Each structure stands twice: as structure tokens, then as C-alpha cells.
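# Secondary and tertiary structure notes
These are the residues of each chain, in order.
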Amino acid sequence: MNANQDNFKKIISHAKEYGFIFQSSEIYDGLSAVYDYAQNGVELKNNIKKYWWASMVQMNDNIVGLDSSILMHPTTWKASGHVDAFNDPLIDNKDSKLRYRADVLIEDYIAKIESKINKEIQKAKKRFGDKFDENQFKKTNPRVLENQKKIDNTISEMKKCFDNDDLVSLKKLIDDLGIVDPVSGTKNWTDIKQFNLMFSTSIGASSESSSEIFLRPETAQGIFVNFLNVQKSSRKKIPFGIAQIGKAFRNEIIARQFIFRMREFEQMEMQFFVKPGTQSEWYEKWKEIRMKWHKALALGDENYRFHDHDKLAHYADAACDIEFNFPFGFKELEGIHSRTDFDLAQHEEYSGKKLRYFDPEINESYVPYVVETSIGLDRMFLAVLASSFNEEQLKDNSSRVVLKIPGFLAPYKLAILPLVKKDGLPAYAKKIYDDLKIHFNITYDEKDAVGRRYRRQDAIGTPVCLTVDHDTINDDSVTLRFRDSMEQIRVKVIDVKNEIDSRINISNWLS
Ligand code: ATP
């Protein structure tokens, strides 16, 4: 097991031990790729939602919210193309009996070559020091050039297969590249088959009168079918956006990466409606805005990169992902897609209802174009959890596990700890708790030595601990101890609220 896998395992067990994430229906041995958010997880998740919602809806006069239903008229999914085209190409290894996505196998192959290139670059950087010119090196080093050519050829071959819906050639590509099953190590592959990812169920009382419907595989369609209702009732002018947070369901083939790929997950999507012809400009703008939003969290700028799509979805004229450096490498965290007028035009056709905007500036009606930003809430949760997980060796030779979660996202902002469970300290501490709970989500803990209580709060990411001691009774001062620096300061009880607020107020991040 490499260090990253080992670290990932630790993060998963930490998430369970400290009440962030449990496997769904664990007492029945769990349900694969379905998870429950526990007492601390639900707080962190809600705080991420708040950050996204505030930055979209609260901070933008031209974006409004929506909460559309999970179940929709079945024609929605015919119109959107999901019934016919929301497929993954799946391939089985006959030895391990494991199932894979053919495109993911090829992408992993590409990622391996990319990491070879990066190793060459790091080696050269060390050798040449300050004089090193990375661009020049990439353009001239024969090994880098050869590997880059392999990547380019593979991408172009894969794209050709997808454009032509040619699964036979896709299989041949996997054979030609010599891709082996990471588990069995063999090349004993089956043919590739398409597999539709939508879950279906039926609506209606009796089997004769019921009809098949789908659990939505994305929240976006709820926005599209409501486009005109929202536009008219909010009287927004184009360009404007509709934002929504909600559950989506996909019967994923591979589900082996904890909450990265789930069968039931949550999306935070915003569809931005623009005048046809202006979509590229808005696409670039939203790429920039979204990257800034991520980097404002200070989880490490080097952990993000853009990745342009090699194969465009049937509805897009441009698309990229913001990838995050998860414990298993750079993978998609958010998608930004220029969806053209595809969805609205399709819904016009299938419903027979006009979904047009009358533009008073040019005195004309048109079907707007759409730029979408779509981020998985659970993947965002994993990005925050994984990058804030730290094991530290301390000066006194002890160690601690600390989640350095950005303060405003932390489940609890403050923990109130009476030094001992007697001498009136708990009563004083509880009074502080009662006074502050209206302002922040805080917790109270009086069990065990104070050092152990600090460690427990570190492990769930509480940014500040407040200790009430014997002096507090006389001078109304308390000790504040900060999670990341472990520094301690003495403040008056009356100043605690402002002190905490200045450190964890969401406005610090939004601005
Ligand atoms: P992938 O290529 O990883 O399957 P995708 O390109 O199909 O993802 P989109 O359809 O663009 O994903 O969905 C938008 C966002 O929803 C993704 O960026 C991701 O964060 C999230 N998402 C998609 N599928 C899942 C899933 N199965 N579990 C958790 N989050 C998901």
C-alpha cells in the first residue's frame, strides 16, 4: 500500500470514529456506495452548502434559488437525452470478476504517463535549480516529448471511439495500450457494453396503472423545466442564473472510492442563462469565479487544476472540470459546461411549450444559451476533509490528529471546557454556553483531563476551545486555545463573542 492509500484509509476510519460518515445500513453490512452523514458530518456538510449558497444566491443579485422535486415527468429524461445516452461503457475482467468503466481505465493509463512526465520535471528541477525553465524542458526533453505524444494519441483515439459510438475500437484501444486489471494484473477483458446509469421506479397504485419513472441523475433538469416560471415570477433579465442544491442518483458501476463516487449523492448546480453568442465569454468568467471560490478556502492552491474535457457530452460546446488532488490523485470535483440551448430546445420540442425569453433590448425572443457550474457536495466534503486531515508530532514527543478545517466550515466553532468538574466551574461554563449558543454552534465537554478534551476537539476540527478555571470565578477571564497553533490567550468573558466571530465569520471568506 502506498503512502496516499494508507492516508486515505486513515481518513475513512477517522470519519467513522469521530462521527462524520457512516456506511448506510451498516448493521446489515451496508449498502454499496451509499453513506450516511453523522452528527459532525451533517454540520460540515450544511456549512459547505451555506458557503456555496451564499456565494451564488446571496452575493449575486442576478441569481435566484430553486428546490425542485426529485421525481419528474418521465418525458423529461427522454428530452434531456438521458434515456438514450446516459450510459457508461463497462468492461469486466474475467479473472478478477471486477467491473470497470472503459473510459476510466484509459484515463488512469493517461494519469500514469502524466506522473512519469512530472517525475522527469521534478528530477530536472532539482538538477538545474534556479536556472530551470519548465516550458523549455517540456518542449525539448525527448522522454517528455515521447510520453506526451502517447497521451495525445490515446486521447485522440478515445475521442474518435466515443464520437463514433464505436465500442469495438474502444476495446481494441484497451488491448493495444496493454492495460491490465489493477487487481488481477491480467489483460483478460470482456467486450465493452453500454450501461444506463438511471435508477427507475414506478409511480401509481396498481401494476396496470403505474408507469416507469426515474430518480433524477442530475438536478439541472429541474431548473430547465422551471426556467420560464422562475424568469417570469422573479422578473429577472438575461443574463441570470438559477441555483439549486439537491440529491441526485446514479447506478454507478465502480463504487470503490468512499464518498467520491456514490449512488445517492448531492449536487450544487447553477444554470446561468445567457444571450446566444455570449456563452464563451460567460463560460470563461464562470471558470474564473469558481476557481476563486475554491481557492478562497486556502486548502492549498496547488491542489486544484483545470482539465478540459476530451469527449464532450452530447449537449456541450465547451466543458472542463476543476480537479482536486484527492488522496487517490487529481480527479473531478466540479464540472463547468457550456450547454448551449440544447436542454431548453429539447424541452420545447418534447413538451410543445415555448421556453423563450423576450429580450427587450433587441425586441426579439430567443431560446437562451446556458453555462452550468455543477459541483458534487460530497466530493467537496471529501476535499475539505482530506486536505485538512493532519497527523502532527508535537514538541513534547506526543502526537495529535487535527482537522484544520476552515473555521466557518467546522462543525463546532467553540468548545467550552470547565477545567475541573467541581468548585462551581461547570456552572460558570454552562452559563457561557447558554449565552453563546444563540450565536454559534458550540459544544460543552467536562469529561476527562483537559488535554484529552483538546485532542478530541482537534480531531473534529473545532477551531477554538474555551477553558474556565479557578481564576475565572474572580476575574471573569477565560483561556482561549486555538486549534492550529495551539497558542493560548487570556480574554475577558465579555470579549469572547467578538474574538470568535472575527475568526469564523463566513463573510471573511465570501469577501
Ligand atoms: P465522473 O466523470 O466522475 O463520473 P461526471 O462528469 O459524470 O463525473 P457530472 O455529471 O459533471 O459528473 O456531475 C457534476 C458533479 O457531480 C461532478 O463534478 C461531481 O462532483 C458530482 N458527481 C457526479 N457523480 C457523482 C457520484 N457518483 N458521487 C458523488 N458525486 C458525483
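Residues numbered from 1 in each chain as written. Predicted model: local features only at pLDDT ≥ 70, side-chain atom pairs only at ≥ 80, totals over all residues. Heavy atoms only, no water.

### Things to note about unusual backbone geometry
As a reminder, the rule being used: Numbering goes from the N terminus for both helices and strands, where a helix is a DSSP run of H or I of at least four residues and a strand is a run of E of at least two. Think of it in three bands: with a 1.4 Å probe and only protein chains considered, a residue is buried below 20% of the maximum accessible area for its type, exposed above 50%, and partly exposed in between.
The omega torsion of the bond from Ile238 to Pro239 falls at 5°, within 30 degrees of zero and hence cis. With respect to the helices, strands and loops of the structure, Pro239 is situated in the loop between α10 (227-234) and β9 (240-249). Non-glycine residue Asp423 carries a positive phi angle of around 60°. You can see Asp423 is positioned in the loop between β19 (414-418) and α14 (425-436). Phi angles above zero are rare outside glycine, and Asp476 is one such case at about 50°. Relative to the helices and strands, Asp476 resides in the loop between α16 (470-475) and β22 (477-482). The class of Asp476 is partly exposed, set by a relative accessible area of 39%.

### Focus on the sheet that holds strand β6 (residues 193-196)
Threshold: In short, DSSP must find at least two bridges between two strands for them to pair. Helix axes are fitted only over the stretch in contact, all axes being lines through C-alpha atoms; the angle between N-to-C directions runs from 0 to 180 degrees. The contact criterion used is simple: two residues touch if any of their non-hydrogen atoms lie within 4.5 Å.
Spatial strand order, β5-β4-β6: three strands in an open sheet with antiparallel pairing. The strands lining the two open edges of the sheet, one partner per strand, are β5 (99-101) and β6. Going across the sheet, the axis of each strand differs from the next one's by a mean of 45°, ignoring polarity. Looking at chain direction, strand β4 (residues 87-92) and β5 are connected through three bridges and run antiparallel. Along β5, the bridge assignment pairs Leu90 with Arg101. Relative to the sheet, helix α5 (residues 102-128) contacts β4 and β5, its axis offset from that of β5 by approximately 70°. Of the strands in this sheet, β4 and β6 touch helix α8 (residues 167-177), which is tilted by about 50° from β4.

### Examining the nonpolar core
Soluble globular proteins: nonpolar side chains tend toward being buried together. The condition that has to hold: Here, nonpolar core refers to any group of buried Ala, Val, Leu, Ile, Met, Phe, Trp, Tyr and Cys residues whose side-chain atoms link them within 4.5 Å. Domain segmentation is taken from an automatic or database assignment of domains.
One finds Ile48, Trp52, Phe381 and Leu409 to be the most contacted residues of the largest nonpolar core, which totals 60 residues. Tallying contributions element by element places helix α13 (residues 377-388) first for this core, with eight residues. Structurally, this core is a two-domain feature, drawing no fewer than three residues from each of domain 1 (1-71 + 215-393) and domain 2 (401-510). If we ignore the near neighbours within four places in the chain, the residues touching Leu409 are Leu44, Asn47, Ile48, Tyr51, Leu297 and Val384. Ala102, Leu105, Ile110 and Phe132 belong to the second-largest nonpolar core, a separate cluster that totals 23 residues.

### Observations concerning the domain arrangement of the protein chain
Put simply, the test is: For any pair of parts, buried area is found by adding up, for both, the accessible area (1.4 Å probe) each one loses once the two are put together. Each reported salt bridge corresponds to a side-chain nitrogen of Lys or Arg within 4 Å of a carboxyl oxygen of Asp or Glu. Pairs of N or O atoms are called polar contacts if they sit within 3.5 Å, as long as, within protein, a hydrogen donor faces a hydrogen acceptor (for residues adjacent in sequence, only side-chain-to-side-chain pairs). Under the scheme applied, nonpolar residues are Ala, Val, Leu, Ile, Met, Phe, Trp, Tyr, Cys and Pro; charged residues are Asp, Glu, Lys and Arg; polar residues are all the others, including Gly.
Taken domain by domain, the protein chain consists of domain 1 (1-71 + 215-393) and domain 2 (401-510). A C-alpha centroid distance of 34 Å is found between domain 1 and domain 2. Buried surface at the junction of domain 1 and domain 2, summed over both partners, amounts to about 1800 Å²; 70% is from carbon and sulfur atoms. At the junction of domain 1 and domain 2, the tally comes to one salt bridge. Across the pair Glu392 and Lys404 runs a salt bridge, and its minimum N-O distance is 2.6 Å. Along the contact surface separating domain 1 from domain 2 lie seven residue pairs in polar contact (both at pLDDT 80 or more). Elements supplying a minimum of two residues to the side of domain 1 that touches domain 2: α2 (39-58), α13 and β17 (389-393). Among the elements that line the side of domain 1 that touches domain 2, the one with the most residues is α2, at nine residues. Considering only residue class, the side of domain 1 that touches domain 2 consists of 13 nonpolar, six polar and four charged.

### Observations regarding the side chain of Thr462
Of note, Thr462 is situated in the loop between α15 (450-460) and β21 (464-468). A distance of 2.6 Å separates the side chain of Thr462 from the side chain of Gln457, its partner in a polar contact. When neighbours within four sequence positions are excluded, Thr462 is seen to be in contact with Tyr412, Lys413, Leu414, Ala415, Gln457 and Arg483.

### Considering the site of the ligand
Quick reminder of the rule: Any residue with a heavy atom lying within 4 Å of a molecule or strand is counted as near it.
Of all residues adjacent to the ligand, which total 17 residues, the nearest are Glu252, Arg261, Met262, Glu332 and Leu333. Arg101 places a polar side-chain atom, nitrogen or oxygen, 3.2 Å from an oxygen atom of the ligand. Mapped by element, the contributors of at least two residues to the shell around the ligand are β10 (264-274), β13 (329-340) and β16 (369-376). Per element, the largest residue contribution to the shell around the ligand is five residues, and it comes from β13. When its residues are assigned to classes, the shell around the ligand shows five nonpolar, five polar and seven charged.

### Quick notes on helix α7 (residues 142-163)
Heads up, the rule is: Here a helix's expected span is defined as the number of its residues, less one, multiplied by 1.5 Å. Our arc is simply the arc of the directions from the helix axis toward the C-beta atoms.
A rise of 1.5 Å per residue sets the reference length of α7, with its 22 residues, at 32 Å; its end C-alpha atoms lie 31 Å apart and thus fit the reference within 8%. Burial in α7 covers these residues: Val144, Asn147, Ile151, Thr154, Met158 and Cys161. The buried residues of α7 occupy an angular sector of 125° when projected down its axis, which confines them to one face. Relative to its buried face, α7 has exposed residues pointing more than 90 degrees away, namely Pro142, Glu146, Lys149 and Asp163. Lining the buried residues of α7 we find α5, α6 (134-140) and α8.

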